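For reference, the chains in residue letters:
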Amino acid sequence: MAVAVLNPDLVDMVRRGSHDFNASACMNCGACSAVCPMGIQLLPRKLFRYVLLGMEDQVKENTETIYSCLLCKMCEVNCPGGVHIAENVRSLRHFINRQVFRL
Amino acid sequence: MTMRRIGVYICHCGGNISDYVDVEKVRGTVESEPGVVVAKTAMFTCSDATQQEMLQDIQEQNLDGLVVASCSPKLHTFTFRGVARRAGLNPYEYTQVNVREQCSWAHTDDRAGATEKAIRLVRAGIARTGLTVPLDPTVVQTVPKALVVGGGIAGLRAALGLSDIGIAVFLVEKEAQVGGWVAGFGSMYPHEKNGQELMAHLKGEIAKRSNITVFTKAELVGKAGSFGNYQATIKVGGGKAGAAPAAAAETIQVDVGSIIVATGFDSYHPEAGEYGYGMEGVVTLPEFKELLDSSGLGAGEGRGNGHRDGHDSGRDDGGAGTALTYKGRPVRSIAYIYCVGSRQSRDVPNANTYCSRFCCNAAVHTSLEVAAAAAPRTGGGGVSAGVRQYHLYRDMRTYGKYELLFNEARDKGSVFLKFGDDAPPAVARDERSGRLLVTVADQLTMSTEVTIPADLVVLVTGMVPRSNEELIKTLKLPVGKDRFFNEIHPKLRPVETVVDGVYICGACQGPKNSAESVASALAAVTQSAGILKKGFAELEPLVAKVDPDQCTWCGKCQESCPYDGAIRREQVAEGQGEGKVTGRVKGRGKEVAVIDAAVCKGCGGCAPLCPKDAIDLQGYTDAQIKAMIEGLAKEVGQ
Ligand SMILES: Cc1cc2nc3c(=O)[nH]c(=O)nc-3n(C[C@H](O)[C@H](O)[C@H](O)COP(=O)(O)OP(=O)(O)OC[C@H]3O[C@@H](n4cnc5c(N)ncnc54)[C@H](O)[C@@H]3O)c2cc1C
Ligand code: SF4
Ligand code: SF4
C-alpha cells in the first residue's frame, strides 16, 4: 500500500463539527462493524483511524460510506469504549459538506 | 554396632503413588531389612492422623530411626523432621525417600519397574538411616546491624525500615549523592508525585536517624565471616553524605548480620542508528524527561485535579502557550517509539528478551504531562491543541490501575499506532523541511503505511542491569540469564538469594517501577529483621567435618572449597583430636584443617579430594553412601 501522507490538522478540522468528537477513545475492537445493520465495513473504526492519523485523502474517498450510515446507534450502544459514534459521524458529514461539497 | 530400630512409612499419596507403585509389595519387601521394626503404608503420610501414628510408634516402639517414602524432600522434609522432634527423636535420624517424582510419576508405563525402583530407593533410605547419628543445628549469634548497598529509592526505604525496628544500618552509595534515578525526575506516575521532592523527603528522614550511617562515593569491596555475622569492607572515596569530599580513599570495616543489595538498573543505551538514535531530535525517554523538567513542563502542575500535596502551581502563566522547544525550535509533533531495548528477538546478540514493565506507563504518563502543559486550560475537551503526540507501540502494557493513564492519554488526543514485531518503524530526516519522518505500518489501520512528521522522536528505552562485576564477585551474587540478580524463588522467596543473609530488592533484580521497588525493599527488611531480631540463627548441621587424627594438612580441601573462610588451617596438640574438632587444643603440634560449620554449605566438594579420607559430610558420610549403594544394588527378589 502506498505511504499515506498525514495531515496532522485533520482531526481539528473534523472536530470543528462537534466538540464531542471522541474517536481516540476507540480501541479498535470491531464490535461496531459486527452489529451494523447496513453491514458497513468501514464504519466507524477504520474511518476514525483515518481521521486520527490525518489521512485526509482516505476520509474524502469514503464520502459515500459516511453518508450511508443510518445513525441508528446500534453500534454506539454496543461500544465498550464509550465512543459517541453517531455524533462522530455527524462531525464527519459536517467536514465532508465543507471540504468535498463546498457547502 | 547395636541393631537399630527403624520405622518405615510408605505413602499412597491418595493414588498418586499407589496407582503406579505397588506400595504393599514395597512394604512387604523392605519389612525384613536389618533394623526395620515397623513397616506401614498410609493413604497420606503427611496427614495429621498418620503423623500422630508415627509419633506414637516412635515413642511406643522406641524407634531410633525414621524413613518416609513419599514425595520430594522439597515438600515435606520439615514436616517429618517436626514429627521426629515432637516424638523426641533427633530430626537428623530421619530420611526422606522420593517414590513419587522418582517412581510413580516417572514410570507411568511400567508398574513393575516403578515398584522395583521404589523398593531399591527405600532400601537405600533404610541403609542410610541405619548409620545416622543425632546432629544439632549450628547456632550462630547475629549482629543487629545491616548493610544496604545502593541508595536509590529501594535502598533508602530499606534503610529507614530497618532503622524503624532498631536495626543499625550502614548504607553504601557509589555516587556522590544518594537518590538513584528517582532523584532526577520531576512528575512521576501515579499520583503526580515529584521524584526530586520524594527523594529529598527520604534523605531528610535519613539524616534524622542516628542509627543510619551513609557512605557516599563508597563501594563494598570485601565480605568475610558467616551468615549473621559478616565483616564487610567498604572503600570510601569521599566523606559522609553532605560533607566535603575527602581526597584519599580509606577503607572501613563494619560487622553486619545481613546485606541488602539495592543497586538498581541502567537505562538501555540505543546503538548508533537504532531508530535514528544519534540524529538530532532523536532522544531516549530519560533524556526527554530531563528536557521536560528543565523547560518547566514536567513538574506535574498542569495535570490532575488542580493541586497536589498542598503545593501551589509553580507556573504562573496558566499553562496556555507554554512552549516546548528543542534546541531553540518549537516542538509541535512528537513520535514515541516503544519497547526500545526491551522484548528483543532472540536473534539479537545478548538480547533483552524481557519487558521492562515501567516504560509503557512512564511514556504514556509523560505524554500526559506534555498534553497538560500544551493544552489551553479551558476545562472542557482537554485536547492538546499545541502538540501532536503519536505513540508507536507493540503492545500497550499499562497494567493494573495504570490502564487509566492509557485511557486518559487517548482522551487527551494522543494517537496510538501499533506495529508488528517484525515491522519496526523507520526514522529518517526530510532533507527539505529538516523535520524527522517516522514511517510505520499501523496494524490498527489495516497495516497502512503512514509517515508521521515529527520534531522529536522519543525512544522509550527499557531497563538493563547495571554493570556491577566487582560487587557480584564480592558477594557471589547469583546472576540470571537476563543478567539481573536472581532470587531463590520468584513467588515464595522473592528477595532472598542463595547466599544466606544476602537479600536483593528494587530494580537490580529485574524491571520494577518505584512502588514495586519499595515493596520489595520492605520485604527485604522483614527478611533481615527475621534473623537479626532473634539474635541468633540456626544452620543446617549437614556440613563437612575433618577428623584431625587422619588429617595431615595438605591444603587440598581448602583449594577446592568455593566458600571463603569455610576451611582454615590450625595447629592442634598431638593426640587431642579424638575425632572431635571441638576438642582441639591450640599450641604446638600438628597442623590440621578445621571447618567453620557456619560458613560450610555442605556441598561435599572437598571430601573426595582428601588423600587421607579425613573428611566426612555429616548426614552423608562415606559409610552411609556405601551402604546406600549396596541397598540400591541388592537384587529385588532377595
Ligand atoms: C525515564 C524513567 C522514568 C521513570 N518514571 C517512573 C515513574 O513515573 N514512576 C515510577 O514508579 N517509576 C518510574 N521509573 C522507574 C524508577 O526509576 C525505578 O523503579 C527506581 O529508580 C528503582 O529504584 P532502585 O532503588 O531499585 O534503583 P536506582 O534508582 O537505580 O538506584 C540504585 C542506586 O544504587 C547505586 N549503586 C549501584 N551500584 C552500586 C554499587 N556497586 N555500590 C554502591 N551503590 C551502587 C546507584 O548509584 C543508585 O544510587 C522510571 C524510570 C525511568 C528510567
Ligand atoms: S465498538 Fe467502539 S471501541 Fe469498538 S471499534 Fe467500534 S467504535 Fe471502536
Ligand atoms: S512496558 Fe511497554 S514499552 Fe516497556 S518493554 Fe514492556 S511493552 Fe515495551
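Here the structure is a predicted model, which means the values were calculated and not measured.

Here the focus is the packing of aromatic side chains. All names here are of chain B. Taken as a whole and assessed by the stated rule, the structure comprises 13 aromatic pairs over all chains. Judged by centre distance (4.8 Å) and plane angle (85 degrees), the ring pair of F406 and F416 falls under edge-to-face. With F406 in helix α10 (residues 403-411) and F416 in strand β21 (residues 415-418), the pair connects residues that are 10 residues apart, well separated along the chain. The same class applies to F406 as to F416, namely buried. Its guanidinium or amino end placed over the ring of F185, K289 lies 5.6 Å from that ring's centre, counting from NZ or CZ. The lysine or arginine in question, R410, covers the ring of F406, its NZ or CZ lying 4.6 Å from the ring centre.

Bringing the pattern of salt bridges into the picture now. Overall, the coordinates contain 33 salt bridges over all chains when judged by the stated rule. Here B:D164 and B:R209 are joined by a salt bridge, their closest N and O atoms 2.8 Å apart. Of the two residues, B:D164 sits in helix α6 (residues 153-164) while B:R209 sits in the loop between α7 (195-208) and β10 (212-215), which places them 45 residues apart along the sequence. The exposure class assigned to B:D164 is exposed, which follows from its relative accessible area of 51%. Residue B:R209 is classed as partly exposed on the basis of its relative accessible area of 22%. In this structure, B:K418 engages B:D395 in a salt bridge whose closest nitrogen and oxygen atoms are separated by 3.3 Å. With B:K418 in strand β21 and B:D395 in the loop between β20 (388-393) and α10, the pair connects residues that are 23 residues apart, well separated along the chain. A single salt-bridge network, built from bridges that share partners, covers A:D9, A:D12, A:R15 and B:R388.

Right, let's get into the domain arrangement of chain B. Partitioning chain B into domains gives domain 1 (6-135 + 624-633), domain 2 (145-264 + 466-536), domain 3 (269-462) and domain 4 (544-618). Put simply, the middle of domain 1 of chain B and the middle of domain 2 of chain B, counted by C-alpha atoms, are 44 Å apart.

Time to look at the site of ligand 3. Residue and element names in this part refer to chain B. Looking at ligand 3, the residues that line it are Y338, C339, S342, R343, C355, S356, R357, C359, C360, D395 and R397. Mapped by element, the contributors of at least two residues to the shell around ligand 3 are β19 (333-340) and α9 (359-374). Among the residues making up the shell around ligand 3, the classes are represented as five nonpolar, two polar and four charged.

Averaged over every residue, the pLDDT of chain A is 84; residues scoring 70 or more account for 90%. Put simply, strand β1 (residues 4-5) of chain A is where chain A has its lowest mean pLDDT, 70, and helix α6 (residues 74-78) of chain A is where it has its highest, 92.

So, about the site of ligand 2. As a structural note, the neighbourhood of ligand 2 is formed by A:C26, A:M27, A:N28, A:C29, A:G30, A:A31, A:C32, A:R45, A:C79, A:P80, A:V83 and A:I85. Class assignment of the residues belonging to the shell around ligand 2 gives a composition of nine nonpolar, two polar and one charged.

Our next topic: the sheet that holds strand β1 (residues 6-11) of chain B. Through backbone hydrogen bonds, the strands of a sheet pair up, either in parallel or in antiparallel fashion. Residues and elements named next belong to chain B. Across the sheet, which stays open at both edges, the four strands sit in the order β2-β1-β3-β4 with parallel pairing between neighbours. Strand pairing shows two members of the sheet lacking a second neighbour, β2 (36-42) and β4 (94-98), which therefore form its edges. Neighbour-to-neighbour, the strand axes of the sheet open up by a mean angle of 15 degrees, direction not taken into account. Note that β1 and strand β3 (residues 65-70) share five bridges and pair parallel. From the neighbouring strand, G7 faces β3, where its bridge partner is L66.

Moving on, we get to helix α8 (residues 285-294) of chain B. All names here are of chain B. Those residues of α8 that sit buried are L285, F288, K289, L291 and L292. Axial view of α8: buried residues confined to an arc of 160 degrees, hence all on one face. Along α8, exposed side chains directed more than 90 degrees from the buried face belong to E290 and S294. Of the surrounding secondary structure, the elements contacted by the buried residues of α8 are β8 (187-188), β16 (282-284), β17 (325-326), β19, α9 and β25 (456-461).

All names here are of chain B. Within the open sheet, the five strands sit side by side as β16-β25-β19-β20-β21. Their pairing is parallel. The open sheet has two edge strands, β16 and β21, and neither has a second partner. For this sheet, the mean angle separating the axes of adjacent strands, direction not counted, is 25 degrees. Note: β16 against β25, three bridges, orientation parallel. Bridge pairing links V282 to V457 in β25. Seen against the sheet, α8 touches β16, β19 and β25 and runs at an angle of roughly 125 degrees to β25.

Further remarks concern the interface of chain B and chain A. Counting from both sides, the interface comprises 19 residues of chain B and, opposite them, 20 residues of chain A. Summing both sides of the interface, chain B and chain A together bury roughly 1,800 Å²; the carbon and sulfur share of this comes to 57%. For the chain B face of the interface with chain A, the top three residues by lost area are B:R388, B:R410 and B:M446, together amounting to 30%. Counting across the chain B and chain A interface gives three salt bridges. Between B:D442 and A:R49 there is a salt bridge, and its shortest N-O distance comes to 2.8 Å. Inspection of the region where chain B meets chain A yields nine residue pairs in polar contact (both at pLDDT 80 or more). Counting residues per element, the side of chain B that touches chain A draws most heavily on strand β24 (residues 448-454) of chain B, which supplies six residues. The class makeup of the residues in the side of chain B that touches chain A is 10 nonpolar, four polar and five charged.

Conventions used here
Residues numbered from 1 in each chain as written. Chains lettered and ligands numbered in written order. Predicted model: local features only at pLDDT ≥ 70, side-chain atom pairs only at ≥ 80, totals over all residues. Heavy atoms only, no water. Phe/Tyr/Trp six-rings, centres within 6.5 Å; stacked < 30°, edge-to-face > 60°. Helix = DSSP H or I, 4+ residues; strand = E, 2+ residues; numbered from the N terminus. Buried < 20%, exposed > 50% of the residue type's maximum accessible area, 1.4 Å probe, protein only. Lys NZ or Arg CZ within 6 Å of the ring centre and 35° of its normal. Salt bridge = Lys/Arg side-chain N within 4 Å of Asp/Glu carboxyl O. Domains from an automatic or database assignment. Near = heavy atom within 4 Å. Nonpolar A, V, L, I, M, F, W, Y, C, P; charged D, E, K, R; others polar. pLDDT = per-residue confidence, 0-100. Pairing = 2+ DSSP bridges. Axes fitted to C-alpha atoms, helices over the stretch in contact; angles between N-to-C directions. Arc of directions from axis to C-beta. Contact = heavy atoms within 4.5 Å. Buried area = accessible area lost by both parts, 1.4 Å probe. Polar contact = N/O pair within 3.5 Å; in protein donor to acceptor, adjacent residues only side chain to side chain.

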